[in-house]
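# Results of the structural survey
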Amino acid sequence: MRRGCFAIGEIKCDGCDRVIGYGERYLVMEEDEKQCLCIDCCLSKGYAAYWEQKGERVLTFFPPELESSENLNDNSLSEKQIDV
Ligand SMILES: [Zn+2]
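Reference entry: report on the structure contained in this document. (Residues numbered from 1 in each chain as written. Predicted model: local features only at pLDDT ≥ 70, side-chain atom pairs only at ≥ 80, totals over all residues.)

## Here's the deal with the pairing of strand 6 (residues 48-53)
Residues in a regular strand project their side chains so that they alternate between the two faces of the sheet. With 6 bridges connecting them, strand 6 and strand 7 (residues 56-61) associate as antiparallel partners. From the neighbouring strand, Ala48 faces strand 7, where its bridge partner is Phe61. Hairpin connection between strand 6 and strand 7: a loop of 2 residues separates the two successive antiparallel strands, and Lys54 in this loop has a positive phi of roughly 50°. (Pairing = 2+ DSSP bridges. Helix = DSSP H or I, 4+ residues; strand = E, 2+ residues; numbered from the N terminus.)

See the structure below:
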């Protein structure tokens, strides 16, 4: 399964070895093994995308097993909220 998370400590990205800093969003993939992927890796692999919504750019993860719009809303958060 895939989950969008916020880093609450320093986490290393399993895709590019970059350190994901405090408050950054990242994706946790738990399939055969657990992997943490930074936003850049998610975007390049197609696991996340930016959408324009009411003039704001919103990052959304796409968990394959959660395709209803209700769950999609739980996984999207505007960049404005991240800065708080
Ligand atoms: Zn990465």
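## Some thoughts on the sheet that holds strand 5 (residues 34-38)
Overall, antiparallel pairing links the 3 strands, which are arranged 1-4-5 in an open sheet. Looking at the sheet topology across the chains shown, the edges are occupied by strand 1 (2-6) and strand 5. Averaged over neighbouring strand pairs, the angle between their axes works out to 30° when direction is ignored. Of the strand pairs in this sheet, strand 4 (residues 25-30) and strand 5 are connected by 5 bridges, and their pairing is antiparallel. Of the residues in strand 5, the one forming a bridge with Met29 is Gln35. (Axes fitted to C-alpha atoms, helices over the stretch in contact; angles between N-to-C directions.)

## Digging into the environment of Cys36
Residue placement: Cys36 occurs in strand 5. Distance in space between the C-alpha atoms of Cys36 and Gly15 is 7.7 Å, their sequence separation being 21 residues. Not counting residues within four places of it along the chain, the set of residues in contact with Cys36 comprises Ile11, Cys13, Asp14, Ile20, Tyr26 and Val28. (Contact = placed C-beta atoms within 7 Å.)

## So, the nonpolar core
Counting 11 residues, the largest nonpolar core consists of Cys13, Ile20, Tyr26, Leu27, Leu37, Cys38, Ile39, Cys41, Cys42, Ala48 and Phe61. Those elements that provide at least two residues to this core are strand 4, strand 5 and helix 1 (39-45). If one sorts the elements of this core by residue count, helix 1 sits on top with 3 residues. Leaving out residues up to four positions away in the same chain, Leu27 has contacts with Arg2, Gly4, Leu37, Cys42, Tyr47, Ala48 and Phe61. (Core = buried A, V, L, I, M, F, W, Y, C linked by C-beta atoms within 7 Å. Buried ≥ 20, exposed ≤ 12 C-beta atoms within 10 Å, placed from the backbone.)

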